Every structure is written in C-alpha cells, then in structure tokens.
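Geometric and topological summary
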Amino acid sequence: MKHITLLACTALLALPMSGQVIFQSGFEDWTGNLPDDWFGIRTNLPQSGVEQVSADVHGGTYAVRLIKESTGHQRFTTQDQTVENGQGYVVNFWVRGEGQIRLGLYDGRPTGSGYAPYTPYVNVTGNTWTEVSLIVSAAMDATDAQFILSLQNTMPPEHLVVDDVTITAQSVEPPPTVTIQQIQDTTDPNGDSPYVGQIVATSGVVTATLGNGFFIQNGGGPWSGIFVFSTQNTPAIGDAVSFTANVEEFFGMTQLTQVNNFNVASSGNALEVTDVTTAAVNTEAYEAVLVRVVGATCTNPDAGFGQFLVNDGSGECLVDDVIYAYSAALGVVYNVTGPVQYAFNEYKILPRSANDVSVVTGIDALAMTHASVYPNPASDLLWLEVPGIAGRVEWTLSDATGRTVAGGVILQERTGIDLGGSANGLYLLTLRQGDSVWSSRVAVQR
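Residues numbered from 1 in each chain as written. Predicted model: local features only at pLDDT ≥ 70, side-chain atom pairs only at ≥ 80, totals over all residues. Heavy atoms only, no water.

**Section: the pattern of salt bridges**
To keep it simple, the criterion reads: The working definition used for a salt bridge is a side-chain nitrogen of Lys or Arg within 4 Å of a carboxyl oxygen of Asp or Glu. Working definition: helices are DSSP H or I runs of at least four residues, strands are E runs of at least two. Numbering for both runs from the N terminus. For each residue, the accessible area found with a 1.4 Å probe, counting protein chains only, is set against the maximum for its type, and the residue is called buried under 20%, exposed over 50%, and partly exposed in between.
A full pass over the atoms with the stated rule returns 12 salt bridges. A salt bridge links Arg65 to Glu158, with the nearest nitrogen and oxygen atoms 2.9 Å apart. With Arg65 in strand 6 (residues 63-66) and Glu158 in the loop between strand 13 (142-152) and strand 14 (160-170), this residue pair connects regions lying 93 residues apart in the sequence. Residue classification places Glu158 among the partly exposed positions, given a relative accessible area of 22%.

Printed below as a string of structure tokens:
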C-alpha cells in the first residue's frame, strides 16, 4: 500500500494524524443509492456517478466508486460540517483505480464564490489501495461547510474507489513569506522556480492586467516580475497587493495560482521599468518583468499571430498583441514597453496601451554626429567620440543578458570608458539623448 501526503498551504511534509476528529466515514451506511453523510448540496457529480462497491474494499463492507471520465472536474461533497476560521483540516482517505482526485472546501468565504483553493490533483494509477492525506484551511466560521472530493479523468473499469475517510482538525503553519525575486531566481536549466508546488505569501505592484490575471513586480531588474493567474481578483495597474498562492510552472512560465487572502494595500504606486536590450528579452531572468527596449528597428512587421519583430542591434525579440495591438512598419525605429511573457516557447513584450509603443523620430540626430568607439575589440580602455556634442548625452554598457554593467553622462567629445572590471565577451554600448538612440556592439578581449 502507498501513502501520499499533500499540503495546500506549506511544503510537502509528513502529517501526524493527531488532533480532533470531526468526521469519519467508511461508506457503510447507504440510503437508496447514496452513502449517508455524503452527496451534500455542493455536489455536482450526478447520482449516476456514485456506485456502491462491496468487492475489494479497504475496510468494512462497502466503499464508493466515483465516476467522471472526462476533464472538467465534478464535486462529491460531505453533508454540512462545522469549521472554524483559520483552522486547518486534514482529510485522510484510501483510494484505488485510475483518475485524478483533489481536495476542496466550501465555507462561504467572500472570495472564490465561497470555495477554498483546491489542492493539486493526486494522480491515481493501478488498483492498489493508496492512502492520501490532503489539507485545507477554513477562512470562515461556518456550520454549513462541506468538504469536497473533486475528480476528473477517471477510467474504467474501476474509475476511482474511495474508502475510510477521516477529517481531523490540525494546526496549520502559515506559508513562507517570500519575495518575487526568491520565487523567480533559479539555476534550474528548465527555468523552474525553487518554490514550484508550494504555497507562498508574497506581494508586489501590479504592472499589467489580462482577462485571466495580472502581472506584479517587486522593484525592478532581473527576476523581479511574475504573472498571477486569477479571475476572481481584478486589481488595477499601480495597486500594491499581497496574497497567498500556489507556485506553478505553466508550459515553461512560472506563475502564481489559487490566490487566497488577497489584499490591496494602496493604489496609484509608481512602476519601475527596466531598460534591456532586445536580446535580453529572450532570457528567463526578465520573464514577467516590466521592460523597455529603446531604438529597436522593426525587422518584420508581420511575424504571425499579431506579433512583430524588433532589433536594437543585439538580437531580435517579439512584440505581441495580447493586451494591445499595434501595427508596426518595416524599418521604423521604436521604443517598446511592457511585461515579458513566455508562451509557445517564445519570449515576447506585451505593450499595454498606445503609450507603450513610440516611434523614435530623432534617431538620426546622434547618428549624424558620427559617434565612434575604438579600439574594438578593446582590453582595458574603450574610447568614445561624439563630435559636435550639444546637451546631455547618456551612455550605458550592457552585457549579453541585457544587464547594465556601466553607465554615465558624456560631457565632452572624447570620453574614456574603463573596462577593467568587465569579463571577455560582447557588449552593447548605447547613447541616448531624448528620443535619439545610437548603439554599437563592443567586444572585450584580453
């Protein structure tokens, strides 16, 4: 026999079966075709999906077979139970057959239409009895609460057979409070978060909204943004929010799901935009970060599915119309702002409005000054010449990941840049004066 333990609010741990037992059922007593103490009003599994089982039961005389052959879960619930706000409840049961099953709770809470976030599904395979322990926390005092066994993808002949359910009140450790950077920063070659599969508490400022969720960010720079999948909570851009949620990987993009304890602390907060190269957009570190690329030329105005390609000299990146559609023109130079999304194995910038895409009309202003850099490759000192300089010109030096490694202001026609602390490799030197942008690739070689 196997044992599976899942927690809905902390990391996976072994649960001691102590505490107060509030419910027990071995499916021994039936009225008609339904087991007593089950099939509460929150059940939407049809009666035809509930069968009495008398062969190969775990204990006693009977068990219950639950049938839901397709995707799209259905609920099989207890009758009304009494729960307390903040109390955790361990639901322990035995299951065999083939299908997916998870735990939920209805307690009338103000979010989620009264339902707690579901635990992740347990995948049941084979006809060996497996012990499962799942935990859910109440967010309301309620006398009409119902514990939920949610199921889908059951397969004949056994589907899912459940027996010997025990519900025990348990103390619950709060989820760890972590920053977005801690969730996102990873050395995993697949880009998976070190917190994947865990419930965490976090916070940030909303930088963009979608129909199925929103982006939040903590400060700026690499690893500072994340997407939150939630249709129940609809904050506005600039809202400072906090909540608990499950960390998941959705086709390669880290996201937060099953949002609970959602709170808006303040509104109208400033957003931090991180300037990156177009090449850096295509890296894990800037996934979900609010970025801006400057002086990027459109190399393909129709890259498919409402997308266009831009390149600032470091490499191409996609701009997508998921939030706002913009008709780009070949050869025109743009500044583009938006969060970075990873979908269909591609990174892309999502402009949020017309303000996030601007044409750089003064691009020739610096180019006509015949700015130059030498020697190239350089070793310890790089010389930058901007003949006829007038006004303030800012320069930045970015590495291949888009990280700014040096920067300053040019106040004279000839400026020396110290490369002593820079590793060998390719860099992008960028000059900016208002809307004017000039870039050049620079190699460091010693």
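**As for the layout of surface pockets**
The probe, sized like a water molecule, is rolled over the atoms to show the empty space still left. What counts is decided by this rule: Each cavity reported here is a set of points on a 1 Å grid over the protein atoms alone in which a 1.4 Å probe fits but cannot get out, each pocket an open set with protein on both sides within 12 Å along at least five of seven lines, and each lining residue one with an atom within 4 Å of a point. Grid points are joined across faces, edges and corners, and a volume is the space filled by probe spheres set on the points. In this classification, Asp, Glu, Lys and Arg are treated as charged, Ala, Val, Leu, Ile, Met, Phe, Trp, Tyr, Cys and Pro as nonpolar, and every other residue, Gly included, as polar.
In this structure, the largest pocket occupies an estimated 1100 Å³ of space. Lining of the largest pocket is provided by 40 residues; of these, Asn212, Phe229, Ser230, Gln255 and Thr257 occupy positions nearest its centre. For the lining of the largest pocket, the elements supplying multiple residues, two or more each, are strand 17 (225-229), strand 18 (240-250), strand 19 (253-266), strand 24 (333-343) and strand 25 (346-349). At six residues, strand 19 tops the list of elements feeding residues into the lining of the largest pocket. Looking at the lining of the largest pocket, its residues break down into 18 nonpolar, 14 polar and eight charged.

**Concerning the sheet that holds strand 18**
Across a sheet, strands are paired by hydrogen bonds formed along the backbone, either parallel or antiparallel in direction. Rules: Strand pairing follows a simple DSSP-based rule, namely that at least 2 bridges must link the two strands. What counts as an axis is a line fitted to C-alpha atoms, over the stretch in contact for a helix, and the angles between N-to-C directions run from 0 to 180 degrees.
The five strands are arranged 15-16-17-19-18 in a closed barrel whose pairing can be described as mixed. Strand-to-strand twist across the sheet, computed as the mean angle between neighbouring axes with direction ignored, equals 55 degrees. Inspection of the sheet shows strand 18 paired to strand 19 by nine bridges, in the antiparallel sense. Across the sheet, Thr244 pairs through a bridge with Asn260, a residue of strand 19.

Purely geometric stuff here, so don't read any function into it on its own.
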